Amino acid sequence: MTTLRERRTYRNAILRCLYGAMERNRPEVSGTALRDELQLPDDDLSAACAYLADEGLIAVDWTSHNTPATASLTHEGIRFMEDEEISGNPGPPG
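Quantities reported herein were computed from a predicted structural model and do not represent experimental measurements.

Peer 1: Would you mind going over the overall build of the protein chain with me for this structure?
Peer 2: A count of helices and strands for the protein chain gives four helices and three strands. Scanning the protein chain from its N terminus toward the C terminus, one meets helices and strands in the order α-β-α-α-β-β-α. Dimensions along the principal axes, computed over C-alpha positions, put the protein chain at roughly 35 × 30 × 20 Å. For the protein chain, the proportion of its 94 residues judged to be buried stands at 36%. For the protein chain, contacts bridging at least 24 residues in sequence account for 53% of all contacts bridging at least 6. Accessible surface computed for the protein chain: about 5,700 Å², of which carbon and sulfur atoms make up 47%.

Set out below in structure tokens:
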């Protein structure tokens with residue numbers, strides 16, 4: 001069972017990864033690249049992406065196996081990350 005601290009860490013890592021990709025002019029990241037870069041199990045990656053999508057911070061295209069095919073920051077997600085960058089207190093959502 002994944003702890004609350006781990007879930008928050010996973011969500012924050014996904015947001016940072018997507019924000020970094022956006023800054024490098026890559027508007028979306030494949031689910032495979034996210035999983036490999038962050039070394040997350042599929043179940044944890046899917047749960048974190050679902051949470052962030054429900055919060056309106058990311059957009060996800062899902063595979064038929066309910067894993068992310070691609071993910072990207074929404075406008076709200078970009079604003080969230082910019083606010084975190086400005087405040088200097090990056091904290092995981094939720």
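Read on for the rest.
Peer 1: Is there a simple way to explain the packing of helix H1 (residues 4–23) against helix H3 (residues 42–54) in this structure?
Peer 2: The axes of two packed helices give the description: the angle between them and the distance between them. Two elements in contact, H1 and H3, have axes whose closest approach is 9 Å; the angle formed by their N-to-C orientations is 75 degrees. Taken together, the axis directions place H1 and H3 in an arrangement best described as roughly perpendicular. The residues of H3 that touch H1, namely those facing Tyr10, Arg11, Ile14 and Leu15, are Asp44, Leu45, Ala48, Cys49, Tyr51 and Leu52. The residue inventory of the contact of H1 with H3, partitioned by class, reads eight nonpolar, no polar and two charged.

Peer 1: Can you help me understand the nonpolar core in this one?
Peer 2: Inside soluble globular proteins, nonpolar side chains tend to come together where they are buried. Counting residues in hydrophobic clusters, the biggest one holds 20 residues, and the most contacted among them are Ile14, Leu15, Leu18, Leu34, Cys49, Ile58 and Leu73. Mapped by element, the contributors of at least two residues to this core are H1, H3, strand S2 (58–62) and strand S3 (68–73). In terms of residue count, H1 provides more of this core than any other element does, seven residues in total. Setting aside residues up to four positions removed in sequence, Cys49 forms contacts with Ile14, Leu34, Ile58, Val60, Trp62 and Pro68.

Peer 1: What exactly am I supposed to notice about the environment of Met81 here?
Peer 2: Note that Met81 resides in helix H4 (residues 75–87). Along the sequence, Met81 and Ala21 sit 60 residues apart, while their C-alpha atoms lie 12 Å from each other. With residues near it in sequence (within four places) discarded, Met81 still touches Leu15, Arg16, Tyr19 and Leu73.

Rules used throughout
Residue positions are counted from 1 within each chain, in the order its sequence is given. Owing to the predicted nature of the model, reporting of local features is limited to residues with pLDDT of at least 70; listing and counting of side-chain atom pairs is limited to 80 or more, with chain, interface and lining totals taken over all residues. As a rule here, side-chain values come from all non-hydrogen atoms in the structure, and water together with hydrogens is ignored. Put simply, DSSP marks the helices as runs of H or I at least four residues long and the strands as runs of E at least two long, and each gets a number from the N terminus on. Burial classification: accessible surface area is computed with a 1.4 Å probe over protein chains only, and a residue below 20% of its type maximum counts as buried, one above 50% as exposed, and the rest as partly exposed. We call two residues contacting when some pair of their heavy atoms lies within 4.5 Å. The protein chains shown are the only cover counted for residues, whose accessible areas, like all others here, come from Shrake-Rupley with a 1.4 Å probe. Here an angle of 0 to 180 degrees is reported between the N-to-C directions of two axes, which are lines fitted to C-alpha atoms, with helices fitted over the stretch in contact. Angle categories: roughly parallel below 35 degrees, roughly antiparallel above 145, roughly perpendicular from 65 to 115, and oblique for all the rest. Gly is put with the polar residues, along with every residue not named as nonpolar or charged; the nonpolar set is Ala, Val, Leu, Ile, Met, Phe, Trp, Tyr, Cys and Pro, and the charged set is Asp, Glu, Lys and Arg. Nonpolar core, defined: a set of buried Ala, Val, Leu, Ile, Met, Phe, Trp, Tyr and Cys residues in which side-chain atoms within 4.5 Å join the residues together.

Everything listed here is a matter of coordinates, which is why it stays silent on function.
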